[in-house]
Amino acid sequence: FYGVEQPTLQIETIGVSSTDSSLEAPSSKAGLKEGDIITSFNGNQVTTWRELVGYIEENPNSKVSIGYTRNGQNYVTTAVLESRINPLHFHPKLLF
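This structure is a prediction, so every number in the text was calculated from the model and none was measured.

Caption draft 1: Highlighting unusual backbone geometry. We note that Asn61 has phi near 60 degrees; this positive angle belongs to a residue other than glycine. Here Asn61 lies in the loop between helix H2 (49–58) and strand E3 (63–70). Located in the positive-phi region is Asn71, a residue other than glycine, with phi close to 50 degrees. Among the structural elements, Asn71 can be located in the loop between E3 and strand E4 (73–80). On the basis of relative accessible area, Asn71 is assigned to the exposed category, the value being 75%.

Caption draft 2: Representation of the pairing of E4. Direction of pairing for E3 relative to E4: antiparallel, over a ladder of eight bridges. Paired with Lys63 across the two strands is Val80, which belongs to E4. In this antiparallel pair of consecutive strands, E3 and E4, the connection spans two residues, and Asn71 shows a positive phi of 50 degrees.

Caption draft 3: Region of interest: the pattern of salt bridges. Scanning the model with the defined rule gives one salt bridge in all. Taking the shortest distance from any N to any O, the salt bridge between Asp36 and Arg70 comes out at 2.7 Å. Here the residue Asp36 occupies a position in the loop between helix H1 (26–29) and strand E1 (37–41), and Arg70 occupies one in strand E3, the gap between them amounting to 34 residues. Pair check on accessibility: Asp36 and Arg70 agree, each one buried.

Caption draft 4: Main features of the pairing of E3. Counting buried positions along E3 yields six of eight residues, so the element is predominantly enclosed. Sheet topology note: the E1/E3 ladder contains four bridges and is antiparallel. Note that in E3 the partner of Ile37 across the bridge is Thr69.

Caption draft 5: Structural view of the sheet that holds E4. As summarised here, the arrangement of the four strands in space is E2-E1-E3-E4, forming an open sheet in which the pairing is antiparallel. Only two strands of the sheet have a single neighbouring strand rather than two, namely strand E2 (44–45) and E4. Sheet topology places E1 next to E2; two bridges connect them, and they run antiparallel. Bridge assignment links Ser40 to a residue of E2, and that residue is Gln45. The strands that H2 touches are E1 and E2; relative to E1, the one it contacts most, it runs at about 50 degrees.

About the criteria used
Residues numbered from 1 in each chain as written. Predicted model: local features only at pLDDT ≥ 70, side-chain atom pairs only at ≥ 80, totals over all residues. Heavy atoms only, no water. Helix = DSSP H or I, 4+ residues; strand = E, 2+ residues; numbered from the N terminus. Buried < 20%, exposed > 50% of the residue type's maximum accessible area, 1.4 Å probe, protein only. Pairing = 2+ DSSP bridges. Salt bridge = Lys/Arg side-chain N within 4 Å of Asp/Glu carboxyl O. Contact = heavy atoms within 4.5 Å. Axes fitted to C-alpha atoms, helices over the stretch in contact; angles between N-to-C directions.

Put into structure tokens, the structure is as follows:
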């Protein structure tokens, strides 16, 4: 799985919509930017990509809260997740 074994939850890139590559990704709509570090998902602290992906998979097409740190400041935003198109081509960065 791409991105699952990364040592931190720092966002390296913002993808595009998993349902239509011409659309903005839910993460971008939520205001997340490259360099942000995800700290919580729907009120649950997350410390690994594996944890984050697990929560994402449990909440397809749902509005969720995402806690993150940017430049040492903590923030919370919301996003509406997308369902993955093909589970064999899973890319966690495209889902939020």
